[in-house]
Amino acid sequence: MSPGARLRGLKPDWLTDPKVWRTEVLGGLVVGLALIPEAISFSVIAGVDPAIGLFASFTMAVVISIVGGRRAMISAATGAVALVIAPLNREHGFGYLVAAVILAGLFQIALGALGVAKLMRFVPRSVMVGFVNSLAVLVFIAQVPEMRNVPWAVYPLIIGGLVLMVFFPRITTVVPAPLVSIAILTVITVGAGIAVPTVGDKGTLPSSLPVPGLPDVPFTMDTLTTIAPYALAMALVGLMESLMTAKLVDEITDTRSNKTRESIGQGIANIVTGFFGGMGGCAMIGQTMINVKVSGARTRLSTFLAGTFLMVLCIVFGPVVSDIPMAALVAVMVMVSFATFDWHSIAPKTLKRMPAGEITVMLITVACVVATHNLAIGVVVGSITAMVVFAKRVAHLAEVTAVTDPDGTTVVYRVTGELFFASSNDIVGRFNYATDPDKVVIDLSAARIWDASSVAALDAIETKYAQRGKAVEITGLNDPSATLHDRLTGELTSH
């Protein structure tokens, strides 16, 4: 291989492939446009000036594009974070909010270093499907206020935007359909003088870049105790949404991401955002879907440009951006909602084949998210439900069968299955303590002991037989089970 070829191999795709470069740039532009009204709306939720949310989206996207672990994922100001920190801003002021954002970033770095990302292994597929579907529902619900009590012209504009996004890709995919839709609808409304709500109606766009500084709070223990609960809640919610979004992007792109790096990267991005006076944030699922699924972006360039374009659009092209009709952005988000929803998961054929427990977990996840508007709560409740369903299902797999020797002096109980807290308690009642012969053998060669509850159950069986003057022999333990049993037997009850 020539030196030039080796050098090309070390360069990112967007530097060597014009097609990839075009996709990344245009994808970043579409996301930058879509971020503006969202950031302003989340600023309102948090009770801060619209510029604060826009600054946060700018710094989060730019920083995470460098330090994050999932390429092409978009991080910015989010509604979940805004809901967490809004009470702090309302009760103590903006300085405390900024301090909480910085502390939340430190918490996220610590949690990332401790390996919190590994917990994603315990999120089952049914919860992931519920997460995706509830996300789609939330994205759609968020657009409903933009379709209420508005001029009649808004509705044909939304329909026209949807039609453009459905049919334009059949003509060409060189330019993202959402960008075309936004441009055409803006030209129509401005050219025809149609009075409809615009981006400018959401709030005043900033005219300059944010300036770094320290939060305006007293650096005392009282301040720390005030902001710590909010910071920890923000850190947990932000990591949950970011890691779930990263896992979703992994599946869509068929690539892997570094979840630990993403966790630490989120913390770094929030610290930088706090020092620039932003309201903090995390991964944005809707905008990520625009970038990855709709625009086809795959590299860090699109994430970097999304934040860069956001500021450029606000500062340089503020008057033009202010004229973009909200109907155009609503149409984009509605399309994202429909594209994100896993329609296969609710198809009659799928529902007939899927176990009832899996369907229940998915529905509970969706219901919790929609009811609370908090994806993290839905994921936690769904995961706990899935664990309960799994434990209940596995508990019935432990079976006990008895065979008595022809001479009637020994009975062998063969135990099969997994012994843990949900199944081991049931097996205690499967033995005939009163009528069994004096020698009892419990064969565990087809079973495995997983926890202290199982050891305690075996101790209880031995005790019941001992009270009747009968001897128990436990055989067939595999090495891990034997080690656990030997360490705990006789130590789990008071004497």
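Preceding this paragraph is the structure being described.
Heads up: these notes are all about the structure in this document. Quick caveat, the model's predicted, so the values are computed rather than measured.

**Details of the pattern of salt bridges**
Oppositely charged side chains can form a pair if their charged atoms are brought close together. Scanning the model with the defined rule gives 5 salt bridges in all. A salt bridge links Asp250 to Lys259; its shortest N-O distance comes to 2.5 Å. On the basis of relative accessibility, which here comes to 18%, the residue Lys259 falls in the buried class. Through salt bridges that share partners, Arg70, Asp250 and Lys259 make up one connected network.

**Considerations on the pairing of strand E3 (residues 399–404)**
By the bridge criterion, 6 bridges tie E3 to strand E4 (residues 410–419) in an arrangement that is antiparallel. Across the sheet, the residue bridging to Thr401 is Arg414, located in E4. Remark: 5 residues form the turn of the hairpin made by E3 and E4, two consecutive strands paired antiparallel; Gly408 in that turn has positive phi of roughly 75°.

**Quick look at empty space enclosed by the protein**
Any empty space left between atoms is shown by rolling a water-sized probe over those atoms. If you walk through the whole model with that rule in mind, you get 1 cavity of 30 Å³ or more. Considering only enclosed or pocket space, the largest cavity measures out at about 90 Å³ in volume. Contributing to the lining of the largest cavity are Arg125, Ser126, Val129, Ser345, Thr350, Leu351, Met354, Glu358, Ile359 and Met362. Counting only elements with at least two residues in the lining of the largest cavity, the list comes to helix H7 (125–143), helix H16 (348–353) and helix H17 (356–372).

**Concerning helix H5 (residues 79–92)**
The α-helix advances 3.6 residues per turn, and as a result positions three or four apart in sequence lie on the same side. Taking 1.5 Å per residue, 14 residues should reach 20 Å; H5 reaches 20 Å between its end C-alpha atoms and fits that length. Where H5 bends most, at Ile85, the angle is about 40°, and the proline Pro87 comes one to four residues later. Looking at the buried positions of H5, the neighbouring elements they touch are helix H3 (18–46), helix H6 (94–113), helix H10 (221–253) and strand E2 (282–283). Just downstream of H5 lies Gly93, where phi reads positive at about 105°.

**Here we look at the packing of H10 against helix H12 (residues 285–294)**
Running from N to C, H10 and H12 cross one another at 20°; their axes reach a closest spacing of 11 Å. Taken together, the axes of H10 and H12 lie roughly parallel to each other. Crossing hand, H10 versus H12: right-handed. Contacts between H10 and H12 involve Glu241, Thr245, Leu248, Val249, Ile252 and Thr253 from the first element and Ile285, Thr288, Met289, Val292 and Lys293 from the second. Looking at the contact of H10 with H12 residue by residue, the classes come out as 6 nonpolar, 3 polar and 2 charged.

**Remarks on the packing of H10 against helix H11 (residues 259–275)**
As a packed pair, H10 and H11 sit with axes 10 Å apart at the nearest point and diverge in direction by 135°. One way to sum up the angle between H10 and H11 is to call them oblique. Here H10 runs over H11; the crossing is right-handed. Packed against H10, whose contacting residues are Met234, Leu239, Ser242, Leu243, Ala246, Lys247 and Asp250, the element H11 presents Lys259, Ser263, Gln266 and Asn270 at the interface.

**Overview of the sheet that holds strand E6 (residues 471–475)**
As summarised here, the arrangement of the 4 strands in space is E3-E4-E5-E6, forming an open sheet in which the pairing is mixed. For this open sheet the edge positions go to E3 and E6, each flanked by a neighbour on one side alone. Going across the sheet, the axis of each strand differs from the next one's by a mean of 20°, ignoring polarity. Sheet analysis places E4 next to strand E5 (residues 439–449), joined by 9 bridges and oriented parallel. Each bridged residue has a counterpart across the sheet, and for Leu419 the counterpart in E5 is Ile449. In the packing of helix H21 (residues 479–488) onto the sheet, the strands contacted are E5 and E6, and the crossing angle to E5 comes to about 120°.

The rules behind each value
- Residues numbered from 1 in each chain as written.
- Predicted model: local features only at pLDDT ≥ 70, side-chain atom pairs only at ≥ 80, totals over all residues.
- Heavy atoms only, no water.
- Salt bridge = Lys/Arg side-chain N within 4 Å of Asp/Glu carboxyl O.
- Buried < 20%, exposed > 50% of the residue type's maximum accessible area, 1.4 Å probe, protein only.
- Pairing = 2+ DSSP bridges.
- Helix = DSSP H or I, 4+ residues; strand = E, 2+ residues; numbered from the N terminus.
- 1 Å grid on protein atoms, 1.4 Å probe; cavity = no way out; pocket = protein on both sides within 12 Å on 5 of 7 lines; lining within 4 Å.
- Points joined across faces, edges and corners; volume = space filled by probe spheres on them.
- Expected span 1.5 Å × (residues − 1).
- Bend = angle between axes of the 7 residues up to and from the residue.
- Contact = heavy atoms within 4.5 Å.
- Axes fitted to C-alpha atoms, helices over the stretch in contact; angles between N-to-C directions.
- Parallel < 35°, antiparallel > 145°, perpendicular 65-115°, else oblique.
- Left-handed = near helix turned anticlockwise from the far one by under 90°.
- Nonpolar A, V, L, I, M, F, W, Y, C, P; charged D, E, K, R; others polar.

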